[in-house]
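Fold and geometry: a report
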Amino acid sequence: MLPVGAFLAGAALAPQLAYAPALVLPLALAVLGGVLGGQPGLSLATFSLGLLRAEASWVARMRASPGWDLDRPVEALFAPDEPWEPRDGSWTASGRIRALSQDGRREEVDLRARAVVSSAQAPPEAGSYRLRGYLRPPLAFLNGDPAIRTGGWRLRVKSARWVAAAGPPRASGAVDRARARLLASLGVGARPGGGNGSALLEGLLLGRTAALPEDWQRGLRRTGLSHLFAVSGLHVGLIAGVVWAATALLRPAARGACALAVAGAYALLVGLGPTVLRSLFMLTAMILARLSRRSPSAINALALSAGLLAAGTPVLVYDLSFQLTVAATAGVVGLGPFLARRWGGGPLATSLAVGAGAQLATLPFTVPAFSLVPLGGAALNLIGVPWTGLCLVLGLLWAVVALVEPSWGMALVALFEPLARPYGWLAALPAHPMVSVPIALGTGTACAVAALALGLAARPRRLAVAASIVAAVVLLFPGFRAQDFEVVVLDVGQGDAILLRDGRRALLVDGGGWPAGDFGGRVLLPALARLGVRALDAVVVSHPDSDHCAGLADIAAYLPIGEVWIAPGWGGAPCLDRLLGRAGARLRVVWRGDAVEWGRFRFAVLHPSPGEEGAGNDRSLVLEASAGGRSLLLTGDISDHIETRLVRRRVLRPVDLLKIAHHGSRSSTSLPFLASAAPRWAVVSAGRGNAYGHPSDSVVRKLERRGIPVLRTDRHGWIRLRWRPAGPLRIVTGRTPGLVGESTQRMRLGPARLALESLGAP
């Protein structure tokens, strides 16, 4: 275990070590390891071997890479690790890009990516492919350091004519036919949205978690039960155990071979991802140990499988799925028994200890990735794991029937509807600290917290007191000074999300969002957690378009919400209904002429009037917020038609900050409106490289002509304004424009002067 751990550490640290020449340090460490001898020497030698392997495979190439022009097509050598699947008129598969070519230059790389081919026809059977298309990096949102990234690299291929086989066909025709029969039995492609029973089988048996309802995925994530649908040791071990028991009359070697053969076929069926390969390697090691009459060691089998995977593909040490599968298994087989012994044994203590061990072991990876600590995960595992095991056993029996006759399988899918209901109940759990707590920690801090928690968990008498102290610190002291006011324009891409804070109180105006997907959990929650927000006193929906409202509907599953403010006339809007259904908050309808007090903030509602007619954008809420001698104007997506109406009503007054309407569209921000609002600063919330061209050049020129400094989320990242009553206004952004990489820019705006300081800039 220790030598393999040292090897993984070497592979992980290789990119951070800028040594020259490249071989000096690892060779020196290898020699030192040979001199020391014993366990320390062996660990030092394998650490140097990890450095060498990572350097030889990908680190040097990544350092020397001059970059690629993403506005022009590239040719990629793509090796999928799962079968191609039809989705929305295209074919998609995840895998690794092994090489890239552009303008006669070719370079070997190792990038995890998802390829999407816009075609009605499936790609040809092959082990690898040459794809010509457009490469897109993971989406990045500059809300603090490091940037919040979602998804992975994407390679978009516009036509099947740009797809060519680059290797021999995969020798898995029978496996592909079996998968096709199972999918036909589930009605995939024939009747989309075939019900929760179909989604349960598709996600549980085939690992296609994208088929699960979004509410399920959100509920599993915030309760720490996402691992239930990750095809790993539970699936592979159960299949191997059934085969081992069914072949009891055979010799041990034949039984082991049958178990490995069936488990291997299942691994091919679901795709050879890191979790599946780890489980398969561990199973192989355990069976070989049993056949060689050696005592099986789960922790050594885990170390061996992790070492083999990392030796083959060192970049896996940075792959979250690899990190989680190794850490969770180490927690189950290593920390679980340790905690169970300290807790006195017994079935209940053992079950809780296993769940707690897995949660503690994965904490250094899950918290930096998801900004969420599922406090109720260990307890919910007591129910979730047995229930999922039962569903898996019945699902495997269903799969046998479906492989024999797909029509019988299709008829039996309805029987799984009741079994699927508990996963929907997870989504209905209220946003409460006993379920999960949002918190932002770096990897090093998360490791220290996990180590401290493990030390306390080993002493049950002190655990309750320590847990109470930690809960009080986390929930009552979010790290924001009570006397400060703050406004944060979050980077949510092509959308709006503006946080107002009065001490520890928080109000969110809009929340960005995508038409589909958990934008709130993936982007909005980490940003709010970095700001120390644990609950929202109120959320304001300027209008229920998805780029303003969808993130609020998502975040209601993670954070308690006190009130929802909306304008009249939006009843029946789907996004708003989802928000109100999840939040369970009090509804407040506001319109023109209302004055609302929230903490020390005062809100004047300037638009719309009751019974307002017109386009949806023109019925956006327009609010003037003021506190501590500062004011800001929030305009939603109104057009210049509504701006003209506001000017004629003479309700506008000079403000410190103007949120430019409709992301800087040319249809807004008229000159008379700017003259009336007379902002000292303007902020534009828009996505980098958005397809709409926001903000438009005409709007930018208008602001420049009036001498109004412009802050933009597509260039600066998040924009934070903080002040105290009668004090200067301090502006902090997430990035300095024009610099490669990220830095922090701070601006202090006093009564008579402006001082600019760039931190991290050359």
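A brief structural summary. Numbers given to residues run from 1 along each chain, matching the order in which its sequence is written. This being a predicted model, a pLDDT of at least 70 is required before a residue's local features are given, and a value of 80 or more before pairs of side-chain atoms are given or counted; all residues contribute to the totals for chains, interfaces and linings. For the side-chain quantities, the full set of heavy atoms in the structure was used; hydrogens and water were omitted.

**Describing the environment of Ser292**
Helix and strand assignments come from DSSP, with helices taken as H or I runs of at least 4 residues and strands as E runs of at least 2, each series counted from the N terminus. Structurally, Ser292 can be placed in the loop between α9 (274–291) and α10 (298–312). The spacing of Ser292 and Ala253 is 39 residues in sequence and 9.8 Å in space, taken between C-alpha atoms.

**A few points about the pattern of salt bridges**
Take a side-chain nitrogen of Lys or Arg and a carboxyl oxygen of Asp or Glu: if they are within 4 Å of each other, that pair is a salt bridge. Considering all chains together, one arrives at 27 salt bridges under this definition. A salt bridge links Arg588 to Glu563; its shortest N-O distance comes to 3.6 Å. Highlighted residues: Arg588 in strand β17 (residues 586–589) and Glu563 in strand β16 (residues 561–566), separated in sequence by 25 residues. The salt bridge involving Glu597 is made with Arg602; its shortest N-O contact spans 3.5 Å.

**Some thoughts on unusual backbone geometry**
Cis geometry marks the peptide bond from Asp145 to Pro146; its omega dihedral reads 0 degrees. For Pro146, the location among the structural elements is in the loop between β6 (139–141) and β7 (148–150). Backbone geometry places Ser371, a non-glycine residue, at a positive phi of 55 degrees. Here Thr669, not a glycine, exhibits a phi torsion of approximately 65 degrees, which is positive. Structurally, Thr669 is set in the loop between β22 (657–659) and α22 (671–677).

**So, the packing of helix α13 (residues 377–404) against helix α15 (residues 417–428)**
For helices, the axis comes from a line fit to the C-alpha atoms of the stretch in contact; other axes are also lines fit to C-alpha atoms, and the angle between any two N-to-C directions lies between 0 and 180 degrees. Running from N to C, α13 and α15 cross one another at 150 degrees; their axes reach a closest spacing of 11 Å. As summarised for this structure, α13 and α15 are arranged roughly antiparallel, according to the angle between their axes. Judged by the twist between their axes, the crossing of α13 over α15 is left-handed. Across the interface between the two elements, Trp387, Thr388, Cys391 and Leu394 from α13 touch Leu419, Pro422 and Tyr423 from α15. For this classification, the nonpolar set comprises Ala, Val, Leu, Ile, Met, Phe, Trp, Tyr, Cys and Pro, the charged set comprises Asp, Glu, Lys and Arg, and every other residue, Gly included, is treated as polar. A breakdown of the residues in the contact of α13 with α15 according to their chemical character gives six nonpolar, one polar and no charged. Angle categories are assigned with fixed cut-offs, so that under 35 degrees is roughly parallel, over 145 is roughly antiparallel, 65 to 115 is roughly perpendicular, and the rest are oblique. For any pair of crossing helices, the crossing counts as left-handed if the nearer helix is rotated counterclockwise from the farther one by less than a right angle, and right-handed if it is rotated clockwise. By the convention used here, residues are in contact when the closest approach between their heavy atoms is within 4.5 Å.

**Remarks on the packing of aromatic side chains**
Pairs were defined over the aromatic rings of Phe, Tyr and Trp, the Trp ring being its six-membered one, requiring ring centres within 6.5 Å. Orientation was assigned from the angle between planes: stacked under 30 degrees, edge-to-face over 60, tilted for the rest. For the coordinates displayed, the defined rule picks out 12 aromatic pairs. Ring centres 5.6 Å apart and planes at 40 degrees place the aromatic pair Trp216 and Tyr423 in the tilted group. Of this pair, Trp216 sits in helix α6 (residues 214–222) while Tyr423 sits in helix α15, and the two are 207 residues apart along the sequence. A relative accessible area of 3% means that Trp216 is categorised as buried. A ring pair is formed by Trp598 and Phe601, whose centres lie 5.8 Å apart and whose planes are at 35 degrees; its orientation type is tilted. The same class applies to Trp598 and to Phe601, which are both buried. Connected via pairs of aromatic rings, a cluster forms that spans Phe485, Trp565, Trp598, Phe601, Phe603 and Trp723. Charge-over-ring contacts are defined here by two conditions on Lys NZ or Arg CZ: a distance within 6 Å of the ring centre and an angle within 35 degrees of the ring normal. For the cation-ring pair, Arg720 lies above Trp718, with the distance from its terminal atom to the ring centre recorded as 5.2 Å. Think of it in three bands: residues with accessible area under 20% of the maximum for their type are buried, residues over 50% are exposed, and the middle band is partly exposed, with areas taken using a 1.4 Å probe on protein chains only.

**Digging into the sheet that holds strand β18 (residues 595–598)**
Strands pair, by our definition, only if DSSP identifies at least two bridges between them. Read from one edge to the other, the open sheet built from seven strands follows the order β18-β19-β20-β21-β22-β23-β24, with strand pairing classed as mixed. Bordering the open sheet on either side are β18 and β24 (710–712), each of which pairs with just one other strand. In this sheet, adjacent strand axes meet at a mean angle of 20 degrees when their direction is disregarded. Note: β22 against strand β23 (residues 681–684), three bridges, orientation parallel. When the sheet's bridge partners are listed, Lys659 is paired in β23 with Val683. Contacting β19 (601–607) and β20 (622–627), helix α21 (residues 640–649) crosses the sheet at an angle of about 110 degrees to β19.

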